[in-house]
Amino acid sequence: MTIVLTPYVSGGAQKLKAASQSPAGPKHGLTPPALDDAVHALRCLAQLRSKDKGIEKYIYLSMLKEQDPAMFYKLCLANMSEFTPIIYTPTVGDACLQYSHIYRRPEGLYVSIKDKGNIKSVISNWPRVDEARISVVTDGSRILGLGDLGINGMPISIGKLSLYIAGAGIRPTSTIPICLDLGTNNQAYLDDPLYLGLRERRVPDNEMTEFMDEFMDEMSVAFPKLMVQFEDFSTDHAFAYLERYRNKYPVFNDDIQGTGAVVLSGFLNAAKISSAVSGRPLSSHRILFFGAGSAGVGVASQLMSFFTIQGLSVDEARERVWLVDSQGLVYDARGKLAEHKKYFSRKDYEGPPMKNLLDIIDYVKPTALLGLSTISNAFNAEVIRAMSALNARPIIFPLSNPVRLSECTFSDAVENSNGNVLFASGSPFDPIEYNGKTLYPGQGNNMYIFPGLGLGSILSRAKSVTDTMVEAASLGLAESLTPEEHDAGLLYPRIERIREISANIAKDVIRAAQKAGVDRSPELREPNDDDVYKRVQSKMWTP
Ligand SMILES: NC(=O)C1=CN([C@@H]2O[C@H](COP(=O)(O)OP(=O)(O)OC[C@H]3O[C@@H](n4cnc5c(N)ncnc54)[C@H](O)[C@@H]3O)[C@@H](O)[C@H]2O)C=CC1
Ligand SMILES: CC(=O)C(=O)O
Ligand SMILES: [Mg+2]
């Protein structure tokens, strides 16, 4: 097995660019006479905007990032709401689906099951330009809502790290995108002559766990200051490996914890608006989850703290949550349940299986409906109308990605709720004009959380990522709305402010790490919050 790796910052074109420059300025003759950085930025944007298809824009930006990372990140930061749907969801979903076909060059670390027993030497091939601080690791088994994409999952690790760099100022050379190749059960890829991964079905769990133990151990030895973000592992493995490693290494699972944190934050802001209209106490909200996988259960667990903050006991908080999976309402009397669904399984329903979402809404009478099911249009007009009949301001969050799997669109939610919906989706939708008013959709995506959570964990040198650190990230995000954003009815801050938001979240995460006693940066313990915030900002890499 040949392992080839080159960090994307050292491509051939970049070497040519370096050769064309000296500290005193461009070497005469190696660049066009009128090349100017500010004008070139406009040229790059024009080239990007001249492309019709999302995937072409993705390829263009991917090349720009390799050739001129500073220009890429400068443009990204200046145009966040235009760039994120290209480098991240939804277009990154297409890039994953087609990765083996659009592949140009290696962009991360590929570790395969064939390397078991020899992972140390594979990792040692990673070029050490800077000390690695953050790695996003996927096994490609559940990429967004697109299923098992095998090695084609690599762009998700790359995309998340681009957001770490843009959104939290992590140095590009301190990041490692990783895709683990443990085979794939995707028959179309196994049959595809261009497929870049192992042409084998996924290995059994015991073999995977031996591999993961070796991988995590060697990573921690090779990169002692590294923080690992697990991404898009299929649900059973997502829970299992988070539990297995979370007290041993600095690691978190973005789909369980990052999603939990971002949804808690948006839910807090939505519930306050909804309760102000209905007069209903915050503690009496009733939350129906459509989808009970890693994301659904991760969010449900995080939302427990919404209720415990209002003074409910843990048992009372659990009573405010109902789960629905592909078999319908999740309840004990239904029979055998997957381990991760048991905690929220209802004990107070013993009737026949309840499958129809309208029937379930009629039974539960939810104030909030959250979709993490990958089923597009599951929240159809009737469902939205049923939620609107129950609530003056219904909370409806279709959170599945990419956008074509969203449980409903923003315009459907607005139309069928007469403009009253409190809305957040996983992938972005455009604002809508409704009755002479501009309505803005929230984007309830973990991209608001992981950059700040990662940065705070790195700067505090956290030994592990505690639940209190994740909760701090969530509450920090909820509190970061400006008065203008509140007045515009936003549930999340504008993405253009991502650096300021990430710095604030990082400060709160550092404080939580200190409280939990898992920090290893004593120099951050003495300064007050303002000074910690300034130190965080001063550590951010700026293109
Ligand atoms: N907005 C965000 O930041 C995030 C969104 N997600 C999205 O959440 C979705 C789910 O992710 P996971 O939980 O990891 O996947 P999963 O595959 O583990 O879970 C899907 C769940 O939906 C249920 N389901 C499937 N068909 C159904 C049907 N017809 N009716 C009712 N329930 C049905 C399944 O039983 C399962 O419980 C994905 O689309 C993913 O992109 C995941 C993480 C973050
Ligand atoms: C956003 C994300 O992490 C997901 O859809 O899996
Ligand atoms: Mg994910």
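Going by the structure above, here's the rest.
Bear in mind that the values here come from a model prediction, so they are computed numbers and not experimental data.

**Q** What am I meant to see in the overall build of the protein here?
**A** Counting secondary structure elements, the protein contains 23 helices and 16 strands. Computed over its C-alpha atoms, the radius of gyration of the protein comes to 23 Å, within 12% of the 24 Å expected for a compact globule of 543 residues. For the C-alpha atoms alone, the extent of the protein along its principal axes is close to 75 × 55 × 55 Å. Contacts in the protein between residues at least 24 apart in sequence constitute 72% of all its contacts with a sequence separation of at least 6. Of the accessible surface of the protein, which amounts to about 21700 Å², a share of 51% is contributed by carbon and sulfur atoms. Within the protein, the 62 negative side-chain charges are centred at a point lying 3 Å from the centre of the 57 positive side-chain charges.

**Q** Can you walk me through the sheet that holds strand β6 (residues 227–231) in this structure?
**A** By way of backbone hydrogen bonds, the strands of a sheet pair with one another, either parallel or antiparallel. Taken in spatial order, the five strands make up an open sheet running β3-β5-β4-β6-β7, and their pairing is parallel. One side of each edge strand has no neighbouring strand; the edge strands of this open sheet are β3 (109–112) and β7 (251–253). Here the strands of the sheet are splayed against their neighbours by 25° on average, with no regard to which way each runs. In the sheet, β3 pairs with strand β5 (residues 175–181) via four bridges, with the strands oriented parallel.

**Q** Hey, could you run me through the site of ligand 2 in this one?
**A** In the vicinity of ligand 2, the residues found are Tyr88, Arg142, Leu144, Lys160, Glu231, Asp232, Asp254, Asp255, Asn401, Asn445 and Asn446. Within the side chain of Lys160, one N or O atom sits 2.9 Å away from an oxygen atom of ligand 2. Separating an oxygen atom of ligand 2 from a side-chain N or O atom of Asn401 is a distance of 2.8 Å. Its free accessible area being 220 Å², ligand 2 has 91% of it covered by the protein chains. Of the residues contributing to the shell around ligand 2, the split by class is two nonpolar, three polar and six charged.

Conventions used here
- Residues numbered from 1 in each chain as written.
- Chains lettered and ligands numbered in written order.
- Predicted model: local features only at pLDDT ≥ 70, side-chain atom pairs only at ≥ 80, totals over all residues.
- Heavy atoms only, no water.
- Helix = DSSP H or I, 4+ residues; strand = E, 2+ residues; numbered from the N terminus.
- Rg over C-alpha atoms; globule rule 2.2 N^0.38 Å.
- Contact = heavy atoms within 4.5 Å.
- Areas by Shrake-Rupley, 256 points an atom, 1.4 Å probe, with all protein chains shown as cover.
- Lys, Arg positive; Asp, Glu negative; His and termini not counted.
- Charge placed at Lys NZ, Arg CZ, Asp CG, Glu CD.
- Pairing = 2+ DSSP bridges.
- Axes fitted to C-alpha atoms, helices over the stretch in contact; angles between N-to-C directions.
- Near = heavy atom within 4 Å.
- Polar contact = N/O pair within 3.5 Å; in protein donor to acceptor, adjacent residues only side chain to side chain.
- Nonpolar A, V, L, I, M, F, W, Y, C, P; charged D, E, K, R; others polar.

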